[in-house]
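# Chain and residue survey
Residues per chain are reported as follows:
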Amino acid sequence: MKRFVLLLVFAFLPVLSLAADEKSGEPVTDYFPADYPEAPSVRPEGQGIVKYAEDGDSKGNFGRHPVHDNQLFATFKTDRFEHQWKEHGVEVFLWDVQGWIGEDYNKLYLKSEGEVLLEDSHPVEEADLELLYSRALSKFWDVQFGFRQDFRPRPQRTFAALGIQGLAPYWFEVDATAYLSEDGDLSAAVEAEYEIMLTQRLHVIPRLEMGLSLQDVPEYEQWQGITDLTLGARLRYQISRKLAPYVGLTWHRKIGETGHNLKKVGDDIDTLGAVVGVKLWF
């Protein structure tokens, strides 16, 4: 019986101590450092948030340390860097790369896409380079504008570009850009991807690309409407966050008036291919 009474005393002793402190009106703050400052739960009226890059004054930021944002960062990544085996023995090397430098809200992008036909006397089928200024509109969306230079197909063309890039609801990555050529031709390109995580390292990435033209541009094999559609899926194994090889399938088709006119002259308007590539970033 004595042991039982002693156990009860030791068990309730901390509770009785806390109750005594609360009764005395003193909050229990032993788990905070001695110099821990109390801060208001809401931003005081008329007082802005202090940015790290602006002044770094922690005392002015409601007693809290400033967030380490608005610093200069840079990265480069290859979304697609792959060998494609298409129908009729056609082999293609494709690149889709981009790099940027900037801070949280303002960035400068350099993007490039292209295709090289392997085992051909005129191997480069398509090649372009974009220089874009990017400004954050919200947490998940950036607006981008700048220029695009097409080196292939020839003759070369220069475009003004305006678009958005970001993360749509349900985690779809979207990149949509309108282009105005030096000849006044208006076109657009839309890309969307979704990442399905089978495991922490094994991912499936369905992908959609679509091209549009506002007018007929027969010298570049484009007619008004939706010009082409590409669907694909890639199975990617993430060795690390910076290195992820993949395999997959891709299907491309010219559609609408573009497909109709190209089919009339005997061109092949749809192709199916297997791909092997790698995604990198550093």
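For the structure, check the block above.
What comes next concerns the included structure. (Residues numbered from 1 in each chain as written. Predicted model: local features only at pLDDT ≥ 70, side-chain atom pairs only at ≥ 80, totals over all residues. Heavy atoms only, no water.)

## Structural notes on empty space enclosed by the protein
Counting across every chain of the model gives 3 cavities of 30 Å³ or more. Considered as a void within the structure, the largest cavity measures approximately 80 Å³ in volume. Lining the largest cavity, in full, are D79, R80, E193, I205, R207, R234, R236, Y246 and K279. Elements that contribute at least two residues to the lining of the largest cavity include exactly β1 (73-86), β10 (202-213) and β11 (225-237). Across the lining of the largest cavity, the residue classes break down as 2 nonpolar, no polar and 7 charged. Approximately 50 Å³ is the volume found for the second largest cavity. Around the second largest cavity, the lining residues are E173, E193, Y194, E195, I205, R236 and K279. (1 Å grid on protein atoms, 1.4 Å probe; cavity = no way out; pocket = protein on both sides within 12 Å on 5 of 7 lines; lining within 4 Å. Points joined across faces, edges and corners; volume = space filled by probe spheres on them. Helix = DSSP H or I, 4+ residues; strand = E, 2+ residues; numbered from the N terminus. Nonpolar A, V, L, I, M, F, W, Y, C, P; charged D, E, K, R; others polar.)

## Concerning the side chain of D175
Locating D175 in the fold gives a position in strand β7 (residues 172-181). Here the side chain of D175 touches K111 through a polar contact of 3.1 Å, side chain to side chain. Contact partners of D175, with chain neighbours within four places excluded, come to K111, I164, Q165, A189, V190 and E191. (Polar contact = N/O pair within 3.5 Å; in protein donor to acceptor, adjacent residues only side chain to side chain. Contact = heavy atoms within 4.5 Å.)

## Digging into the packing of aromatic side chains
Following the criterion strictly, the structure yields 7 aromatic pairs and no others. With centroids separated by 6.4 Å and ring planes inclined at 85°, the aromatic side chains of F140 and W171 adopt a geometry described as edge-to-face. Within this pair, whereas F140 is found in the loop between β4 (124-136) and β5 (141-152), its partner W171 is found in the loop between β6 (157-168) and β7, the two being separated by 31 residues in sequence. The exposure class assigned to F140 is partly exposed, which follows from its relative accessible area of 45%. Given a relative accessible area of 58%, W171 falls into the exposed group. When the ring centre of Y179 is taken as origin, the NZ or CZ atom of R148, which lies over that ring, is 4.2 Å away. For R157, the ring lying beneath its charged end belongs to Y220, and the centroid distance is 3.5 Å. (Phe/Tyr/Trp six-rings, centres within 6.5 Å; stacked < 30°, edge-to-face > 60°. Buried < 20%, exposed > 50% of the residue type's maximum accessible area, 1.4 Å probe, protein only. Lys NZ or Arg CZ within 6 Å of the ring centre and 35° of its normal.)

## Description of unusual backbone geometry
Residue P153 is bonded to the preceding R152 through a cis peptide linkage, with omega at -5°. For P153, the position within the fold is in the loop between β5 and β6. Following R154, the chain continues to P155 via a peptide bond in cis, the omega torsion being 0°. Within the secondary structure layout, P155 lies in the loop between β5 and β6. The backbone of H88 shows a phi angle near 65°, a positive value even though the residue is not glycine. Structurally, H88 is set in the loop between β1 and β2 (91-102). Despite not being glycine, W171 shows a phi value in the positive range, around 70°.

## Focus on the pairing of β6
Side-chain direction in a regular strand flips from residue to residue, so the side chains alternate between the two faces of the sheet. Taken together, the 10 bridges between β5 and β6 define a ladder with antiparallel strand orientation. The residue bridging F145 from the neighbouring strand is L162, located in β6. Between the end of β5 and the start of β6, which pair antiparallel, lie 4 residues. Pairing of β6 with β7, which is carried by 10 bridges, proceeds in the antiparallel orientation. (Pairing = 2+ DSSP bridges.)

## Brief notes about the pattern of salt bridges
Evaluation of the coordinates by the stated rule reveals 13 salt bridges. Note that R80 is salt-bridged to E113, the shortest N-O span being 3.7 Å. With R80 in strand β1 and E113 in strand β3 (residues 106-117), the pair connects residues that are 33 residues apart, well separated along the chain. In this structure, E195 and R236 form a salt bridge, with 2.7 Å as the shortest nitrogen-oxygen distance. One end of the pair, E195, is in the loop between β8 (186-194) and β9 (196-197); the other, R236, is in strand β11, with 41 residues separating them in the sequence. With relative accessibility at 8%, the residue R236 sits in the buried group. A single salt-bridge network, built from bridges that share partners, covers R80, D96, E113, E191, E193, R207 and E209. (Salt bridge = Lys/Arg side-chain N within 4 Å of Asp/Glu carboxyl O.)

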